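Each chain is listed here by its residues.
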Amino acid sequence: MRSSHLLLPLALAATLAIAAPASAADYVQAAGSALTFASEYDGETFTGQFPGFTTTLSFDPAAPAAAKLDVLIPLAGAVTGNADRDSTLASKDFFDIASFAQARYTAAGFRSLGGNRYAADGTLSLHGVSKPVTLTFTWTPGAQPLLAGNAVVKRLAFGVGGGDWADTATIPDEVAISTRVRFTAAK
């Protein structure tokens, strides 16, 4: 009888060990990362970047539903290579950096799309508005893993570029976002 009392706790411990979720690795953004955007103005394509963004990630490809992503984006640093456009982006008509200094993208739980492809159904908070945005990405593991992804943001839903700039014939509503984030293990 005593041996069965010992077997039950051992069996329970073994079951819990097998059922326990894989532990996610915690990462912070490393040098060499980029967050860029592309749009058009009067039919001419332009690109820009947010050089001061920071990313933290908790992710295990074997358990994508447990993942967490947090990206802080200082808007004052947005650059397109055109001083007039850069100052317009910072103005009240677009990012209104005096009132909204940063944007934030957060996602809890990813979906596997097969292979090394995933989707993060997250929330973008921009210009005082929070809306769902899906980031699709590939994950390349290694000593410095790489997340390379794309998303589309509808600027007018966030109140960015309203008034005279709301004309989608001049500037499309959809802005293409792409990112390449190198990571190192969090300490």
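Before reading further, recall that the structure is shown in the block above.
Residues numbered from 1 in each chain as written. Predicted model: local features only at pLDDT ≥ 70, side-chain atom pairs only at ≥ 80, totals over all residues. Heavy atoms only, no water.

Enquirer: Honestly, the overall build of the protein in this entry has me stumped. Any pointers?
Expert: Within the protein one finds 2 helices and 11 strands. For the protein, the proportion of its 187 residues judged to be buried stands at 33%. The contacts of the protein with a sequence gap of at least 6 include a subset with a gap of at least 24, amounting to 57%. (Helix = DSSP H or I, 4+ residues; strand = E, 2+ residues; numbered from the N terminus. Buried < 20%, exposed > 50% of the residue type's maximum accessible area, 1.4 Å probe, protein only. Contact = heavy atoms within 4.5 Å.)

Enquirer: I'm lost on the nonpolar core in this one. Help?
Expert: Nonpolar side chains tend to gather and get buried jointly when the protein is soluble and globular. In terms of nonpolar packing, the biggest core is built from 38 residues, with Tyr105, Phe110 and Trp139 touching the most fellow members. For this core, the secondary structure elements donating two or more residues are strand 2 (34-41), strand 4 (54-59), strand 5 (68-74), strand 6 (102-108), strand 8 (117-126), strand 9 (129-140), strand 10 (146-154) and strand 11 (174-185). Residue contacts for Tyr105: discarding those within four places in its chain leaves Leu69, Asp70, Val71, Ala120, Asp121, Gly122, Thr123, Leu124, Val133, Thr134 and Leu135. (Core = buried A, V, L, I, M, F, W, Y, C linked by side-chain atoms within 4.5 Å.)

Enquirer: How do you make sense of the pattern of salt bridges when you look at a structure like this?
Expert: Where charged atoms from two side chains of opposite charge approach closely, those side chains can pair. With the rule as written, the count across this model stands at 3 salt bridges. Here Glu174 makes a salt bridge to Lys154, at a shortest N to O gap of 3.8 Å. Note that Glu174 is positioned in strand 11 and Lys154 in strand 10, a separation of 20 residues in sequence. (Salt bridge = Lys/Arg side-chain N within 4 Å of Asp/Glu carboxyl O.)

Enquirer: Would you mind showing me how to read the environment of Pro132 here?
Expert: Relative to the assigned elements, Pro132 resides in strand 9. Relative accessible area serves as the criterion here: at 71%, Pro132 is assigned to the exposed category. Separated by 27 residues in sequence, Pro132 and Tyr105 place their C-alpha atoms 9.4 Å apart. Excluding anything up to four places from it in sequence, Pro132 contacts Gly122 and Thr123.

Enquirer: Just to check I follow, could you spell out the packing of aromatic side chains for this structure?
Expert: By convention here, two paired aromatic rings are described through the distance between centres and the angle between planes. Inspection of every chain in the model, using the stated rule, returns 13 aromatic pairs. Ring plane angle 40 degrees and centroid distance 5.1 Å describe the contact between Phe37 and Phe50, whose orientation is recorded as tilted. In this pair, Phe37 is assigned in strand 2 and Phe50 in the loop between strand 3 (44-49) and strand 4, connecting sequence segments 13 residues apart. For the pair formed by Phe37 and Phe50, the shared burial category is buried. Seen from their ring centres, Phe59 and Phe137 are 6.3 Å apart, and the 75 degrees between their planes marks the pair as edge-to-face. Linking Phe59 in strand 4 with Phe137 in strand 9, this pair joins segments that are 78 residues apart in sequence. According to the relative accessible area criterion, Phe137 is buried, its value standing at 2%. Cluster of aromatic residues (ring-pair linked, three or more members): Tyr27, Phe59, Phe110, Tyr118, Phe137, Trp139 and Phe183. Taking the ring centre of Phe46 as reference, the NZ or CZ of Arg85 above it sits at 4.2 Å. (Phe/Tyr/Trp six-rings, centres within 6.5 Å; stacked < 30°, edge-to-face > 60°. Lys NZ or Arg CZ within 6 Å of the ring centre and 35° of its normal.)

Spatial relationships are all this shows, so hold off on functional conclusions.
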